[in-house]
Structures are given as C-alpha cells and as structure tokens.
Amino acid sequence: FALDTNTGQYLWCRPYHTSIERSSVEVDEDGHLYFTVSEAVISLTAMGEERWRADLTNVQGEAAGGWGVHFTPQGHVATVTSSGRVYLLDRLTGDPLSTLDIGSQWGFVSPETFGIDLDPSSLLPEEVQADIRSVWGDPSDAEQSEGFGALLGSGKFVDNTVAVSSRGDVYVISGGPSPQEGAVVQVKVTGSADEPVLGRGWFAVTDQGSATTPSISLGDRYLVISDGAHPSTFFNPSDAYGEIKVYDIERCDANQDSDLDPERCGVAWSHPLERSPMVGAPAISAEGTVIYWEMGLAFDAPPTAADVVAVNETGVLWQTALPDDMDWSSVVTVTRNHVIGSASRVTPSEQGLPGFRLPHETVDRIVVLDRFSGELVWHHDLPDDSAATVTVGPDGSLYVPMLGIFSILAINERPTLGLMKFIP
C-alpha cells in the first residue's frame, strides 16, 4: 500500500504473497521501492509500477525465499535467502553482481526444528485459527505455513535480515557448525562498485538458530545479537535461554579478540536475558550501549520485572518496568533522545500449547521512553500491538504498523491490523 502521509488515504496498492511481511519496503532517493517476496527481490516505481524482478535461488539453482533488503554504501541492494545465499544486486537493473553461499563456504548446517513435521496452528482454538486464516490464508495454502512459521522462527538456515556496515560488509545470522548451534558470519565486500566481490570473513558460533537480526553501531565498532531464538521457544518458553552478545568488529578484524583463531570472532561481552530469547534486533550505540527488551511468551513475569534495559560492558545502566503490568511487544526504535515501541498487557487464557498460554485479550499502547533514563514520557492507546518497527518521519511523526501478533493469537479479540500515525 502507498498512503498519503497527510490523510492516510490510499494512493495505490498491489497484491503480493504474504511472505512480503518478512521484508521492510526500502526507498531510495528517487522514490523507487525495494522488497523481497516469495523467491524474488522486486523494485517498483513511486507509483507502484514494476521496474524489475530478480529471482533468488539456492546454490543448487532452486528457488529460495528472501529475507528483506538493505542498501549498501556502494549503492547496491543486499539480501539473503532462507537457504543462506547472500546477494548483491544492481539497484538500477536487479542484475546479480555477486553471491556467496554461507553453508558451503563454512560447512554449516540448518538448525534443528521441532523434530516433527508440525503445523502449530492446527493445535490452536478455532477463534485463533480464524485469525490466522484471515492474515495468512487457509491451512492448505503454503502462504499460511510460511507466514505463521516465520513468526515463530522458521527453522530455515536463515530466518532474519542482513545487517550492512558503512564499509559495505554484510552480517548474517545463520545455521552453524551443528544443528544445536547457529552462527553470525561476516561477509566481506571487495572489488569496485561496478564489480563487487563477496568473500568470506570471520564467524562466531551462537546458541541454536536465531530469529534476531544483527545490529551494527555507528562507526562500525560493535555488532550485537540476541541468540537462542528458535521454534522450540514457542512450546517451552520457560525453559528457553538467551543472551545479548556483543562483538568488537575492529578487534575481530585484527584477530585481537578473545578467540585466537583468525577465522573466528570471540564475544567481547554478553548479558543474560531474564525471559525468553528476543525475536528482533537489539539496538547498540557508537560507544557500545545496548538497549533491548524483555518479553516472555509465558506471560508470567511479575509487574516489577524489567521490560526495557540499557546495558554496557560494565553492567546495567537503567531498566524500566512499564506501568499497568504492560510488556514490551515490538522491536525497539531508538532515536537521539527516545526509545519507541509498543507495549501490551496480556490477559492469559486457559488454552494454548505446552508451556504457552494463549492471550485471552490484550490492552495495547505506543510508548516512548527517555533514552538516557528509561523513564516513560508518553503513551497512547492502540487497537493492536505493533510487533514490527515504529518508523519516525522527518517531521518527528510516528508511524505505527499494527501487525497485531498478540491480537491474532488472542481468543477473545479480533485483530484490527493496519497503520496509525501520531504527530509531534
């Protein structure tokens, strides 16, 4: 959808496979749009006309789904497929300029899944199944299994978006040396802008697969991830364990990190999560301060438990428990002075999956915290939780995508979905 930012009125829309939800829509300086859907990267004009379509494949040449796009400083489009193949595409034509397959380069394997071929939506109450059908299609439709499965962490070799440094290097979380491990890999970019070459950099082993995207600090000094995210988290949230892990890119590049192997990067420092592993990207500042959120699918944290935390190598700088027993429920957006996202108060039902009670209903808000103290400075009611990233416009307006994950899963609540704008 293209919307008028002043009125919210539709300007145009184009239908695509529901796998488009795995991708933000990136916009270049000419207003051209870029996103992944199914097994392709697509570029449209500002008026919604298709400019080009680039098909994505695995190393065997079979179609493979993409996980969002980012621009590089050299002006290319970077993406990664679910099979772990990194692409650099020409932004004008969509032609592939260079590719690299993570699995074959490092000998890594996909993370373990549930252990059985299971569609978890079949175990849910009919009210929730109806919501899932309204968003992702019928159970017989491949769109539903792909869409709902991606929500949980798909168990694919890659189930997250790349990060790109200001030098153009690409970072991806993927499968790892064993089915119980994952890895964050550095893909180096060499060559000229016209003929770039993707090459193997260092890697760091993580715990299981991960549905988190790496974040890079301004100046390219630090990289942060949250590991441990895996489909099994959905069924056993109380037994899940995750950590915030920070890597010093400069030290790893120079092999001055804690791992003496030049091909491996050791953790600079880590911090344990108190609840379930994160699904999303933590934020990190130029000086190495990480801001992350705590959210457990068991919905059993006490009202005084921290929901948003700022931490660095020396320890916790501040932590905030949201009022009214709210839990943080979206990716964090960090601006110069604020931390922005959605929060939800979930009333659990008596129904659900092993280790996880479905919401009965939710109360949802957009919340703004002071970046340096964690103090709540503003909030407003929302029809649904956001889950996705709140976008800040050039005039300070906030655009809140209501993906409504908790509302979709709630038994006594139907999701609204859509977009809301708040003006400063």
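Residues numbered from 1 in each chain as written. Predicted model: local features only at pLDDT ≥ 70, side-chain atom pairs only at ≥ 80, totals over all residues. Heavy atoms only, no water.

A. Looking closely at the sheet that holds strand β18 (residues 269-272). Strand order in the open sheet formed by 4 strands is β15-β16-β17-β18, with antiparallel pairing between adjacent strands. Taken across any chain shown, the strands that pair with only one partner, and hence form the sheet edges, are β15 (215-216) and β18. Across 4 bridges, the pairing between strand β17 (residues 243-248) and β18 is antiparallel. Looking across to β18, one finds that K245 is bridged to S270. (Pairing = 2+ DSSP bridges. Helix = DSSP H or I, 4+ residues; strand = E, 2+ residues; numbered from the N terminus.)

B. The arrangement of the environment of I408 in detail. You can see I408 is positioned in helix α6 (residues 405-409). C-alpha separation for the pair I408 and P359, spaced 49 residues apart in sequence, amounts to 9.2 Å. Leave out the neighbours within four places in its chain, and I408 touches V128, D131, I132, V135, W136, L403, P415 and L417. (Contact = heavy atoms within 4.5 Å.)

C. Local environment of helix α2 (residues 126-136). All buried positions along α2 are accounted for by V128, Q129, D131, I132, V135 and W136. End-on view of α2: buried residues confined to an arc of 155°, all on one side of the axis. Positioned one or two residues after α2, G137 has a phi angle of 100°, which is positive. (Buried < 20%, exposed > 50% of the residue type's maximum accessible area, 1.4 Å probe, protein only. Arc of directions from axis to C-beta.)

D. Summary view of the side chain of S330. Topologically, S330 is positioned in the loop between β23 (327-328) and β24 (333-334). Taking the relative accessible area as the measure of exposure, S330 reaches 2% and is therefore buried. A polar side-chain atom of S330 sits 2.9 Å from the main-chain amide nitrogen of S342. Excluding residues within four positions of it along the chain, S330 makes contact with W293, G341, S342, S386, A387 and A388. (Polar contact = N/O pair within 3.5 Å; in protein donor to acceptor, adjacent residues only side chain to side chain.)

E. Main features of the nonpolar core. Of all hydrophobic cores here, the largest spans 28 residues; its most connected members are I244, V246, V290, Y292, V308, W328 and V339. Sequence-distant contacts of V308, that is, excluding residues within four places in its chain, are made with I291, Y292, W293, W318, Q319, T320, W328, V339 and L369. One finds W67, W106, V162 and V164 within the second-largest nonpolar core, a separate group that totals 21 residues. (Core = buried A, V, L, I, M, F, W, Y, C linked by side-chain atoms within 4.5 Å.)

F. Broad picture of the sheet that holds strand β5 (residues 40-44). Strand order in this open sheet of 4 strands is β3-β4-β5-β6, and the pairing throughout is antiparallel. Of all the strands in the sheet, just β3 (26-27) and β6 (50-55) have a single pairing partner and so form its edges. Where β3 and strand β4 (residues 33-37) come together, 2 bridges link them in antiparallel fashion. From the neighbouring strand, V27 faces β4, where its bridge partner is L33.

G. Region of interest: the state of the cysteines. On inspection of all chains with the given rule, the structure shows 1 disulfide. One disulfide bridge connects C252 with C265, the sulfur atoms lying 1.9 Å from each other. Looking down the S-S bond of the C252 and C265 bridge, the torsion is 50°, so its handedness is right-handed. Taken together, the residues C252 in helix α5 (residues 249-253) and C265 in the loop between α5 and β18 connect sequence positions 13 residues apart. Side by side, C252 and C265 carry an identical accessibility label, which is buried. (Disulfide = S-S within 2.5 Å.)

H. Spatial organisation of the environment of E294. By the element assignment, E294 lies in the loop between β20 (290-293) and β21 (308-312). In sequence terms E294 and S276 are 18 residues apart; their C-alpha atoms lie 7.4 Å from each other. Apart from residues no more than four positions distant in its own chain, E294 is found in contact with L273, E274, R275, A306, D307 and W328. Of note is the side chain of E294, whose polar atom sits 3.1 Å from the backbone nitrogen of R275.

I. The pattern of salt bridges, seen in detail. Enumeration over the complete set of coordinates arrives at 20 salt bridges. Linking R14 and E50 is a salt bridge whose minimum nitrogen-to-oxygen distance equals 4.0 Å. Of this pair, R14 sits in the loop between β2 (10-12) and β3 while E50 sits in strand β6, placing them 36 residues apart in sequence. Residue R14 is classed as partly exposed on the basis of its relative accessible area of 36%. Relative accessible area serves as the criterion here: at 40%, E50 is assigned to the partly exposed category. Two residues, K245 and E243, come together in a salt bridge whose shortest N-O distance is 4.0 Å. A relative accessible area of 11% means that K245 is categorised as buried. Three or more residues joined by partner-sharing salt bridges are found here, namely R167, D169, K188 and D253. (Salt bridge = Lys/Arg side-chain N within 4 Å of Asp/Glu carboxyl O.)

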